Amino acid sequence: MIGAITQYIDVAQIVLYVFWAFFAGLIYYLHQEGKREGYPLHYDGNPNLDVQGFPAIPSPKTFLLRDGSTRTVPNGNTGEVPDLKATSYGGYPGAPITPTGNPMLDGVGPGAYAIRPDVPDMTVDQQPKIVPLRVATNFHLESSDPNPIGMNVTAGDGNVAGQITDVWVDRAEILIRYLEVKVASNGRTVLIPHNFARITSKGVKVKSIFAEHFADVPGTKNPESVTLMEEERIMAYYGAGTLYASPERTEPLL
């Protein structure tokens with residue numbers, strides 16, 4: 001028999017076995033590489049117990065970033081995670097929790113956020129990626145779509161929270177990322193994530209939070225750019241509002 005090594009094994013069978021071994025190794029490698037950040041997991045039943053699972057956390061590796069800096073992961077640094085301002089409903093691991101502080105800002109439930117670098121995301125030519133139109137002067141809004149600039153913002157309670165003053169765009173993805181609003185109650189300028197807003201010809205609607213909550217939306221250090229950490233906190237604030245904006249939202253639907 002052509003290609004046969006023995007009566008029962010041939011080249012095609014060996015190739016199949018090699019492929020199976022390669023594929024199993026690839027799955028192992030990718031699963032292990034996926035643990036470079038976010039691990040070890042913390043077991044809430046025992047704060048001194050770290051969970052790695054199988055396979056274990058990989059050995060540290062240093063990556064060269066686009067801006068010339070380096071980053072080594074895993075590095076044992078889980079970030080400056082604040083104390084959890086919540087209490088458990090039960091005394092068992094994984095039990096539901098309820099906030100004990102301000103649920104809109106405390107990073108609990110739908111308001112949770114990751115600890116990310118407090119620097120702006122950059123384009124390939126090292127310019128801030130997300131900026132207002134007053135900075136990205138080579139961008140414009142499609143004339144056939146409603147222009148939100150100058151529109152009032154109606155919050156989830158039906159009250160007017162402020163007025164849109166600018167639109168923030170992603171210069172790399174060519175997308176609208178945020179709407180800039182001047183808050184009526186205190187004059188602050190804050191951002192509304194575009195995916196939390198509905199723009200119509202009559203105005204901008206934001207259901208997740210109420211007008212009073214706009215006063216406490218996390219701000220930005222720079223009025224013309226937003227950092228990765230600031231984006232996390234802004235998105236988390238509006239996310240928290242979907243559950244914690246009013247006591248009624250935390251109640252069962254039925």
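This one's a predicted model, so the numbers in the text were calculated from it and none came from an experiment.

Colleague: Go over the overall build of the protein chain with me, naming the residues and quoting the values.
Modeller: Assigned secondary structure in the protein chain consists of two helices and 13 strands. Relative to a compact globule of 254 residues, whose C-alpha radius of gyration would be 18 Å, the protein chain shows 25 Å and is clearly more extended. The buried share of the protein chain, reckoned over its 254 residues, is 29%. If you sum the accessible surface of the protein chain, you get close to 16,100 Å²; carbon and sulfur atoms cover 56% of it. Both charge centroids of the protein chain, one from 20 positive and one from 27 negative side chains, sit 3 Å from each other.

Colleague: Which residues make up the nonpolar core, and what are the values?
Modeller: Side chains of a nonpolar character, in soluble globular proteins, are inclined to be buried together. Grouped together as the largest cluster of nonpolar side chains are 35 residues, with contacts concentrated most on V153, I192, V204, V206, I209, F214 and Y238. Elements represented by at least two residues in this core include exactly β7 (130-132), β9 (160-170), β10 (175-183), β11 (189-193) and α2 (228-244). If we skip the residues at most four places from it in the chain, I209 touches M104, A155, G156, F214, V217, Y237, Y238, G241, A245 and R249.

Colleague: I'd like a rundown of a positive patch on the surface, residues and numbers included.
Modeller: Taken together, the side chains of R198, K202, K205 and K207 present a region of like positive charge at the surface. Mapping K205 onto the fold places it in strand β13 (residues 203-205). By relative accessible area, K205 is classed as partly exposed at 44%.

Colleague: Outline empty space enclosed by the protein, listing residues and values.
Modeller: Within this structure, the stated rule accounts for two cavities of 30 Å³ or more. Computed from the structure, the largest cavity encloses a volume of approximately 40 Å³. The wall of the largest cavity is formed by M104, L105, G107, G111, Y113, P218, R233, A236 and Y237. Split into classes, the residues belonging to the lining of the largest cavity amount to six nonpolar, two polar and one charged. The space that makes up the second largest cavity amounts to roughly 30 Å³. Taken together, P120, D121, P128, K129, I130, S225, V226 and E231 make up the lining of the second largest cavity.

Colleague: How would you explain α2 if you had to name every residue and give the values?
Modeller: Owing to its 3.6 residues per turn, the α-helix aligns residues three or four sequence positions apart on the same side. Between the first and last C-alpha of α2 there are 24 Å, a value that for 17 residues agrees with the 24 Å anticipated at 1.5 Å per step. Among the 17 residues in α2, 12 count as buried, and that is most of the element. Buried residues of α2: L228, M229, E230, E231, I234, A236, Y237, Y238, G239, A240, G241 and Y244, and no others. If you follow the buried residues of α2, they end up packed against β6 (97-99), β7, β10 and β11.

Colleague: Lay out the packing of aromatic side chains with the relevant residues and their values.
Modeller: Inspection of every chain in the model, using the stated rule, returns six aromatic pairs. Between Y17 and W20, the ring centres sit 5.7 Å apart and the planes meet at 45 degrees, which makes this aromatic pair tilted. In this pair, Y17 and W20 are both assigned in helix α1 (residues 11-33), three residues apart and thus about one turn of the helix distant. Residue classification places Y17 among the partly exposed positions, given a relative accessible area of 46%. Between Y28 and F54 the ring centres are 5.8 Å apart and the planes differ by 65 degrees, which places this aromatic pair in the edge-to-face class. With a gap of 26 residues between them, Y28 in helix α1 and F54 in the loop between β2 (50-51) and β3 (61-64) connect regions that are remote in the sequence. For Y28, a relative accessible area of 39% translates into the label partly exposed. Among the aromatic side chains, those forming a connected cluster through ring pairs are F196, F214, Y237 and Y238.

Colleague: Describe the pairing of β10, and please don't skip the residues or the numbers.
Modeller: Here β9 runs beside β10; their pairing, made up of eight bridges, is antiparallel. Note that in β10 the partner of I164 across the bridge is V181. Counting the residues between successive antiparallel strands, the hairpin from β9 to β10 contains four residues, one of them, I174, with a positive phi of roughly 55 degrees. Where β10 lies against β11, five bridges are found, and the strand directions are antiparallel. By the bridge assignment, V181 is partnered in β11 with V190. Adjacent in sequence and paired antiparallel, β10 and β11 are bridged by five residues, among which G187 carries a positive phi angle near 80 degrees.

Analysis parameters
- Residues numbered from 1 in each chain as written.
- Predicted model: local features only at pLDDT ≥ 70, side-chain atom pairs only at ≥ 80, totals over all residues.
- Heavy atoms only, no water.
- Helix = DSSP H or I, 4+ residues; strand = E, 2+ residues; numbered from the N terminus.
- Rg over C-alpha atoms; globule rule 2.2 N^0.38 Å.
- Buried < 20%, exposed > 50% of the residue type's maximum accessible area, 1.4 Å probe, protein only.
- Areas by Shrake-Rupley, 256 points an atom, 1.4 Å probe, with all protein chains shown as cover.
- Lys, Arg positive; Asp, Glu negative; His and termini not counted.
- Charge placed at Lys NZ, Arg CZ, Asp CG, Glu CD.
- Core = buried A, V, L, I, M, F, W, Y, C linked by side-chain atoms within 4.5 Å.
- Contact = heavy atoms within 4.5 Å.
- Patch = residues over 30% accessible without salt bridge, like charges linked within 9 Å, V, L, I, M, F, W, Y side chains within 5 Å.
- Salt bridge = Lys/Arg side-chain N within 4 Å of Asp/Glu carboxyl O.
- 1 Å grid on protein atoms, 1.4 Å probe; cavity = no way out; pocket = protein on both sides within 12 Å on 5 of 7 lines; lining within 4 Å.
- Points joined across faces, edges and corners; volume = space filled by probe spheres on them.
- Nonpolar A, V, L, I, M, F, W, Y, C, P; charged D, E, K, R; others polar.
- Expected span 1.5 Å × (residues − 1).
- Phe/Tyr/Trp six-rings, centres within 6.5 Å; stacked < 30°, edge-to-face > 60°.
- Pairing = 2+ DSSP bridges.

Honestly, it's all geometry; don't read function into it.
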